[in-house]
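# Architecture at a glance
The residues making up each chain are set out below.
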Amino acid sequence: MNKVIVTDPPRANAEEAAALAKFGVATVHEALGRTGLLGPDLRPIQDGARIGGTAVTALCWPGDNLMIHAAVEQCRPGDVLVVTTTSPSRDGLFGELFATALQHRGVRGLIINTGVRDVADLRAMNFPVWAAAVSAQGTVKATAGSVNVPVVIGGQTIRPGDAILADDDGVMVVPRTSVAEGIRAAQAREDKETATREAFRGGELGLDRYGLREKLADLGVRYVTAEEYEKLERE
């Protein structure tokens, strides 16, 4: 592993990333072909948080948060800090003091696939966090890693400067060069969902709107009465 701190990665436009996040992770994920989701293990420590920003990545060793300290210096307003480790860890690498430093620098939140602690304080200071665990287990500052290099979480590669979106449904990454496309695709999907919502409010069924009656017939599903079903069960 190269032990480097990259100081000037290109970033997506932070305001465009925030605009993309307003559509919500589920909508953007679907609009972009069901790509970019970091999996179900990353959960918010608070309800109702929604963020979008540009990734600053930190690759740490398990139980060691040295490179988070190094990453803080590289953070700018509109960034989201993304932390992972070289092998699985659930130790509490991040807490309230880190969040205080990041808030001062205008960072919008933290994504970390290890543990966090000081959860009550993080909630009180309204610092959004998505983590794989909550753990009071302390850490050391002893082993070099890297900052602003590509990292992998949940099978997805996150490159520094990519857009990170997070809400109650999870976390996803949108490549830096695809943010504008994501906004267009998400708006189109939202418009379609608005029309569908109105149709459902008017009583239309998904079976008809989506042409699913034909799908059921093609799959061999048929409608029967209770009497006919009892007869089928006896056969």
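What comes next concerns the included structure. Because the structure is predicted, anything quoted here is derived from the model rather than measured. (Residues numbered from 1 in each chain as written. Predicted model: local features only at pLDDT ≥ 70, side-chain atom pairs only at ≥ 80, totals over all residues. Heavy atoms only, no water.)

The geometry of an aromatic ring pair comes down to the distance between the two centres and the angle between the two planes. All told, the structure shown has three aromatic pairs when counted by the stated rule. When the ring of Phe94 is compared with that of Phe98, the centres are 5.5 Å apart and the planes differ by 20 degrees; the resulting orientation is stacked. Arranged with centres 6.3 Å apart and planes meeting at 80 degrees, the rings of Phe200 and Tyr210 form a pair that is edge-to-face. A residue pair is termed long-range when its members are at least 10 positions apart, and Phe200 in helix α6 (residues 179–201) and Tyr210 in the loop between α7 (206–209) and α8 (212–218) qualify at ten residues. Taken together, Phe94, Phe98 and Phe127 form an aromatic cluster joined through their ring pairs. (Phe/Tyr/Trp six-rings, centres within 6.5 Å; stacked < 30°, edge-to-face > 60°. Helix = DSSP H or I, 4+ residues; strand = E, 2+ residues; numbered from the N terminus.)

A few words on the side chain of Thr27. Positionally, Thr27 belongs in helix α2 (residues 25–31). Polar contacts involving the side chain of Thr27 include one to the main-chain carbonyl oxygen of Phe23, which spans 3.5 Å. In this structure, Thr27 is in contact with Ala186, Arg189 and Glu193, ignoring residues within four places of it in sequence. (Polar contact = N/O pair within 3.5 Å; in protein donor to acceptor, adjacent residues only side chain to side chain. Contact = heavy atoms within 4.5 Å.)

The subject of this paragraph is the packing of helix α3 (residues 66–74) against helix α4 (residues 96–104). Between α3 and α4, the least distance of the axes is 9 Å, while the angle of their chain directions is 15 degrees. The pairing of α3 with α4 is recorded here as roughly parallel in orientation. Considering how the two elements wind past one another, α3 and α4 form a crossing that is left-handed. For the pair α3 and α4, the contacting residues are Ile68, His69 and Val72 in the first and Phe98, Ala101 and Leu102 in the second. Tallied by class, residues from the contact of α3 with α4 come to five nonpolar, one polar and no charged. (Axes fitted to C-alpha atoms, helices over the stretch in contact; angles between N-to-C directions. Parallel < 35°, antiparallel > 145°, perpendicular 65-115°, else oblique. Left-handed = near helix turned anticlockwise from the far one by under 90°. Nonpolar A, V, L, I, M, F, W, Y, C, P; charged D, E, K, R; others polar.)

On the surface, a cluster of negative charge is made up of Glu227, Glu228, Glu230 and Glu233. If you trace the backbone, Glu230 turns up in helix α9 (residues 226–234). Accessibility expressed as a relative area gives 48% for Glu230, which makes it partly exposed. (Patch = residues over 30% accessible without salt bridge, like charges linked within 9 Å, V, L, I, M, F, W, Y side chains within 5 Å. Areas by Shrake-Rupley, 256 points an atom, 1.4 Å probe, with all protein chains shown as cover. Salt bridge = Lys/Arg side-chain N within 4 Å of Asp/Glu carboxyl O. Lys, Arg positive; Asp, Glu negative; His and termini not counted. Charge placed at Lys NZ, Arg CZ, Asp CG, Glu CD. Buried < 20%, exposed > 50% of the residue type's maximum accessible area, 1.4 Å probe, protein only.)

This part is about the environment of Glu181. Looking at where Glu181 falls in the secondary structure, it is placed in helix α6. Relative accessible area serves as the criterion here: at 43%, Glu181 is assigned to the partly exposed category. Remark: the alpha-carbon pair of Glu181 and Ala31, spanning 150 residues in sequence, is separated by 9.6 Å.

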